[in-house]
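Topology and contacts: notes
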Amino acid sequence: MSNLVKGVILDESELLSASEHGTPTNANDSSFQLRPGASYLLRKLRNSNIRSGISYGPGLSPDKVNVLKRIAMEYSCECFFLHASMDGGVNEITRAWGDVGGIIMYVVQNSKDSMCKLSSNWLITVVGAEVVTAGQNSSMLYINKLEELPLTICHVNKKATCNNVVVVGYVMKPSREEDFAKRGAFPLYPTPNGLIFLPLTFEIPLSSQLQNVDVVLHKATDEIITIELSNSSVSANRITYTKGMQELQRFMEEHSDFLAIDPLSNIYPVLDRLKIQLILLRLQEQKAKGRHAIRGAHFLKVDDFKDPGLPQRLSDAQLSLPCIVKPQVACGVADSHSMAIVFGTEDFKDLNVPLPAVVQEYVNHSSTLFKFYVLGDTIFHAVKKSTPNSGILMKSYERNGLRPILFDSLKSLPIDNENRNSGDLISCKVDLNLELVKDAAKWLAKTLDLTIFGFDVVIQEGTGDHVIVDLNYLPSFKEIDKDIAIPAFWDAIKLKFEARKIQQATIASSS
């Protein structure tokens, strides 16, 4: 497929301007500014697995050239000098990149004179045209804004495969996208199993992008503004998304046959720690004779930390201190990861954890956490160091003036500072029953109807119970080697798409 776009050269005229618009690239280079959309495009190209570079011609000031080189370094691309004849620059690019395995797209401003001198082997894309159009046999494309370039590359690459690919449009916050993309998860050219990943942007009309998309992969929780609990639980009509996500939500509601991984309705239980705990209660039904138990932690929902009946309610829920206290809202809002470990009932007074909250059993687990990842039919796991046993935590509690231990679970966990390198003081062999957890993973996938999710398991000292203490949607599974995790990630998406097509065909044939 030699007609695939595998390299992009951005002319400096499309990146820098000396106008008052844009963002200064450097405090010392305030006269040179990135054009609107340039930073976005450079990030997306870096994440796309497509070779990218910045070009400039003769007559540019040394200061401006230095700015371009700094930008190239920041966004992991290369800087090339293109001579007036272009041949020398083309040869330099060929020496630097070798055979890219496809064509190179040259992106240039509408007014740039040199664009007509380029090699016929390059696909010229002109920015600033009045309309988006391309002749059937033309080597030139026209777009209005830089933000349209990923969509244009996707369209060209899809056409090069005779439309024999599945286009996955994805939406998530930049930091999460970076976690996936740095392991090669989001190429803008076909994966071995026939997927192309298109970053969706809310800066251009979403409808024009979705016309080219077969599947939407989203982390909708990254686009939540507020969550209000309705009847003490999370419901769809109490979630406020960003304007762009609301547009995507309306599109999916109006096109019921459009595939999302996963439907918004399927992720609502994951937003609510109480709902997850109630679902995990049903795991006890899966226990087979002669096997360890796999279960959720014992728990209690609390609306008021000053409730005089709280000690009795804790006892009735099989909760002994210490306990871990978590907000009921599990993600999507700023304080959903503000937690505490309490050691006495008096610790609940004035506790700085959002209400309503879920009080959860603290399981002694030899500081060992098993992180499980479900990617379609494939299940991976990794072992991580975790919080210490309660006896060691008690020492921290005493050093802390008998105050509860507060922490943000996204930033740091309570650890044993005195024995950081030696492990837990209690020597205990942790035996993981992998088949038991895999069976539970399959049950959760079916029950929650989720394609890609993760959950954390600890093994209780003494009983050997396998306790699920957390569950989340579309994790980055960065602990798993990319060479096995990313292909499994692609397969999970492709298999879900194919299963949906079979289901739709079956329904159509029976009607």
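Let me begin by describing the structure that accompanies this report. (Residues numbered from 1 in each chain as written. Predicted model: local features only at pLDDT ≥ 70, side-chain atom pairs only at ≥ 80, totals over all residues. Heavy atoms only, no water.)

**Observations regarding the overall build of the protein chain**
Quick note on the threshold: In DSSP terms, a helix is any run of H or I states spanning at least four residues, a strand is any run of E spanning at least two, and both are numbered starting from the N terminus. Residue exposure (1.4 Å probe, protein chains only): buried if accessible area is under 20% of the type maximum, exposed if over 50%, otherwise partly exposed. We call two residues in contact when some of their heavy atoms are within 4.5 Å. Methods summary: accessible areas were calculated by the Shrake-Rupley approach with a probe of 1.4 Å, and residue burial reflects only the protein chains presented.
Helix and strand counts for the protein chain come out as 13 helices and 25 strands. Across the 511 residues of the protein chain, 54% fall into the buried class. Residue pairs at least 24 apart in sequence account for 66% of intrachain contacts in the protein chain once pairs closer than 6 positions are excluded. Working note: accessible area of the protein chain is about 23700 Å², and carbon and sulfur atoms make up 49% of it.

**Considerations on the nonpolar core**
Spelled out, the test is: Here the nonpolar core consists of buried residues drawn from Ala, Val, Leu, Ile, Met, Phe, Trp, Tyr and Cys, with membership extended through side-chain atoms lying within 4.5 Å.
Among the nonpolar cores identified, the biggest contains 118 residues, and Val8, Phe186, Leu217, Leu444, Phe455 and Phe489 are the most heavily contacted of them. Sequence-distant contacts of leucine 217, that is, excluding residues within four places in its chain, are made with Val168, Gly169, Tyr170, Val171, Met172, Phe186, Ile261, Leu474, Phe489 and Ile493. Of all hydrophobic cores here, the second largest spans 16 residues; its members include Cys323, Val342, Phe348 and Ala357.

**Here we look at the sheet that holds strand 25 (residues 466-473)**
For clarity, the threshold we go by: At least two DSSP bridges between two strands are needed for those strands to be called paired. Axis lines are fitted to C-alpha atoms, over the contacting stretch for helices. Their N-to-C directions set the angle, which ranges from 0 to 180 degrees.
Spatial ordering of the open sheet is given by 16-25-24-21-22, a layout of five strands whose pairing is mixed. Edge strands, defined here as strands with exactly one partner in the open sheet, are strand 16 (294-296) and strand 22 (378-385). Between one strand axis and the next, the sheet turns through 30° on average, direction left out of account. Pairing between strand 24 (residues 452-459) and strand 25: seven bridges, direction antiparallel. By the bridge assignment, phenylalanine 455 is partnered in strand 25 with leucine 471.

**Points about the packing of helix 1 (residues 38-47) against helix 5 (residues 174-181)**
Under the convention used in this document: For classification, angles of less than 35 degrees are called roughly parallel, those exceeding 145 degrees roughly antiparallel, those between 65 and 115 degrees roughly perpendicular, and all remaining angles oblique. Three classes are used, and their members are as follows: Ala, Val, Leu, Ile, Met, Phe, Trp, Tyr, Cys and Pro are nonpolar, Asp, Glu, Lys and Arg are charged, and the others, Gly among them, are polar.
Where helix 1 meets helix 5, the axes come as close as 9 Å, and the angle between the chain directions of the two elements is 30°. When the axes of helix 1 and helix 5 are compared, the pair comes out roughly parallel. Facing helix 1, whose interface residues are Lys44, Arg46 and Asn47, helix 5 presents Glu177, Glu178 and Ala181. Taken together, the residues of the contact of helix 1 with helix 5 sort by class into one nonpolar, one polar and four charged.

**What to know about the pattern of salt bridges**
Close approach of charged atoms allows side chains with opposite charge to pair. Selection rule: Each reported salt bridge corresponds to a side-chain nitrogen of Lys or Arg within 4 Å of a carboxyl oxygen of Asp or Glu.
Tallied over the full model, the rule gives 16 salt bridges. Where lysine 496 meets aspartate 449, a salt bridge forms, and the shortest distance between an N and an O atom there is 3.7 Å. Here lysine 496, found in helix 13 (residues 482-510), pairs with aspartate 449, found in the loop between helix 12 (434-448) and strand 24; they are 47 residues apart in sequence, far enough to count as distant. According to the relative accessible area criterion, lysine 496 is partly exposed, its value standing at 24%. Among the salt bridges present, the one from glutamate 498 reaches lysine 494, with a minimum N-O distance of 3.9 Å. Of this pair, glutamate 498 and lysine 494 both sit in helix 13, four residues apart, roughly one helical turn. In the salt-bridge network here, residues are joined through shared partners; they are Arg295, Glu361 and Asp465.

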